Amino acid sequence: MKRLTDNINSRYFEAADRLLPNKRRGRIIAFVESYDDVSFWRLLLDEFETPEHYFQIMLPNRGGLTKGKKSALRSCIEHNGLGKNLIACVDSDYDWLLQGVTQTSKEIISSPYVIQTYAYAIENYQCWAGSLHQICVQCTLNDHRLIDFNAFMELYSKAVYPLFVWNVWFYRKKLHNQFSMQDLNIDIRLKSVDVRRPQGSIMGVSERVRHKVHSLETHYPDAVNEVASLREELTSMGVREDNAYLFLQGHHLVENIIMKLLTPICTILRQEREAEIRRYAVHDQQYRNEISAYQHSQMGLAEALRKNTHYRECELYQRMRNDVKEFLSMLPESRGNDQQDTENLQSANQHQEG
């Protein structure tokens, strides 16, 4: 009887221990830029947790509510002595493309403790062409494919790529006041999209880009060869004319390209579904009930984009995964003695508390 009781108690305490799964695992703190970034990085880091280590995502608060890339990087770099217990997870913005021209760019491309997006920002992943149909389905509950999003975004990227390369050149030369990212955004925005003839909107962008590139070549003739060389360099980095949209400013991509594209498409898809409900409704009350249920089941477009996680097949996301794997490969087979881990984590906690 005593042996049975002991077995029951043993299983009980084992189960109780499992309620605190992180108790004996090494903790790796990941500093991110803002609240909006937490879920994105959690999705990535989740798949790399093991019985030996786990990630805890934190904001770089240091006696205040300061956020942003520089705060996340500073939190990581200032505590480099902690070894492999701290990483920074940040948007690349243009810093990866600048390849060390600025101090922030140097920090991002040289530190093994920095995991970057490669795409301009998290928003660019949420706008990945391969996931846009799923966004429309979530917003309209209609699986009708009106256009080929991959083909549209590839065509758009090819249209804007020549001017995008010029913009990167200006930033590398620290001459961005002469052709800023905001200037670029004005030239490459979509004014409207006709779903029946979507290529027409890209033709307008292509024409504006052509005029602007001609103007830049006229005013900066000595830069033409350098821009051509930069284009080759960017291509070797995986920044190609068919995926340029992934490297444009994230907020601009959402507001002035993707929303302009998806809004009329979602409008048509909702109208199709509502017409179907009207067609099959037996009487007005059934129609009103069904329309009400349909409308309450939809998700807003902006919300669907924010919650989009269907971008994990994007090639740049695979690069991030490889960076995490490379970072983890530097971890010792043993996490070291418990006392050392405790000291490292206490130091990180003190930093968090300011």
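In this report, the structure presented in the accompanying data block is examined. (Residues numbered from 1 in each chain as written. Predicted model: local features only at pLDDT ≥ 70, side-chain atom pairs only at ≥ 80, totals over all residues. Heavy atoms only, no water.)

## Side note on the sheet that holds strand S2 (residues 53-58)
Strand order in this open sheet of four strands is S2-S1-S3-S4, and the pairing throughout is parallel. Two strands bound the open sheet, and with one partner strand each, they are S2 and strand S4 (114-116). Pairs of neighbouring strands in the sheet enclose a mean axial angle of 30°, with direction left out of account. Where strand S1 (residues 26-31) and S2 come together, six bridges link them in parallel fashion. Its bridge partner being in S2, arginine 27 is matched across the sheet by tyrosine 54. Across the face of the sheet, helix H2 (residues 38-46) comes into contact with S1, S2, strand S3 (86-90) and S4 while running at roughly 170° to S2. The strands touched by helix H15 (residues 315-329) within the sheet are S1, S2, S3 and S4, with S4 carrying the most contacts at an inclination of about 170°. (Pairing = 2+ DSSP bridges. Helix = DSSP H or I, 4+ residues; strand = E, 2+ residues; numbered from the N terminus. Axes fitted to C-alpha atoms, helices over the stretch in contact; angles between N-to-C directions. Contact = heavy atoms within 4.5 Å.)

## Some thoughts on the pattern of salt bridges
Taken as a whole, this structure holds 14 salt bridges when the rule is applied. As a salt-bridge pair, lysine 173 and glutamate 226 come within 3.2 Å of each other at their nearest N and O atoms. Of this pair, lysine 173 sits in the loop between helix H8 (149-172) and helix H9 (181-188) while glutamate 226 sits in helix H11 (residues 224-236), placing them 53 residues apart in sequence. With a relative accessible area of 40%, lysine 173 lands in the partly exposed category. Taking the shortest distance from any N to any O, the salt bridge between arginine 210 and glutamate 207 comes out at 2.8 Å. Taken together, the residues span about one helical turn, with arginine 210 and glutamate 207 both in helix H10 (residues 199-219) at a distance of three residues. One network of salt bridges, with partners in common, ties together Arg42, Asp46 and Glu49. (Salt bridge = Lys/Arg side-chain N within 4 Å of Asp/Glu carboxyl O. Buried < 20%, exposed > 50% of the residue type's maximum accessible area, 1.4 Å probe, protein only.)

## Topic: helix H12 (residues 250-280)
Helical geometry note: an α-helix holds 3.6 residues per turn, so side chains three or four residues apart project in the same direction. With 31 residues, H12 ought to run about 45 Å at 1.5 Å a step, and its terminal C-alpha atoms sit 42 Å apart, in line with that. Of all the bends in H12, the largest measures some 45° and sits at methionine 259. (Expected span 1.5 Å × (residues − 1). Bend = angle between axes of the 7 residues up to and from the residue.)

## Remarks on the nonpolar core
In this structure, Trp41, Tyr94, Leu97, Met153, Tyr156, Phe164 and Leu261 are the most contacted members of the largest nonpolar core, which totals 93 residues. Top contributing element to this core by residue count: H8, with 15 residues. Excluding anything up to four places from it in sequence, tyrosine 156 contacts Ile188, Leu190, Ile202, Val205, Tyr245, Leu248 and Ile257. (Core = buried A, V, L, I, M, F, W, Y, C linked by side-chain atoms within 4.5 Å.)

## So, the packing of aromatic side chains
According to the stated counting rule, one finds 19 aromatic pairs in the structure shown. Ring centres of phenylalanine 40 and tyrosine 317 lie 6.3 Å apart, and the angle between their planes is 85°; this geometry places the pair in the edge-to-face category. Residue phenylalanine 40 is found in helix H2, and its partner tyrosine 317 is found in helix H15; the two are separated by 277 residues along the sequence. Of the two residues examined, phenylalanine 40 and tyrosine 317, each falls in the buried class. Ring geometry for tyrosine 94 and phenylalanine 164: centres 6.2 Å apart, planes at 80°, overall edge-to-face. Of this pair, tyrosine 94 sits in the loop between S3 and helix H4 (95-98) while phenylalanine 164 sits in helix H8, and the two are 70 residues apart along the sequence. Taken as a pair, tyrosine 94 and phenylalanine 164 share a single burial class, namely buried. (Phe/Tyr/Trp six-rings, centres within 6.5 Å; stacked < 30°, edge-to-face > 60°.)

All quantities given are derived from atomic positions and should not be read as evidence of function.
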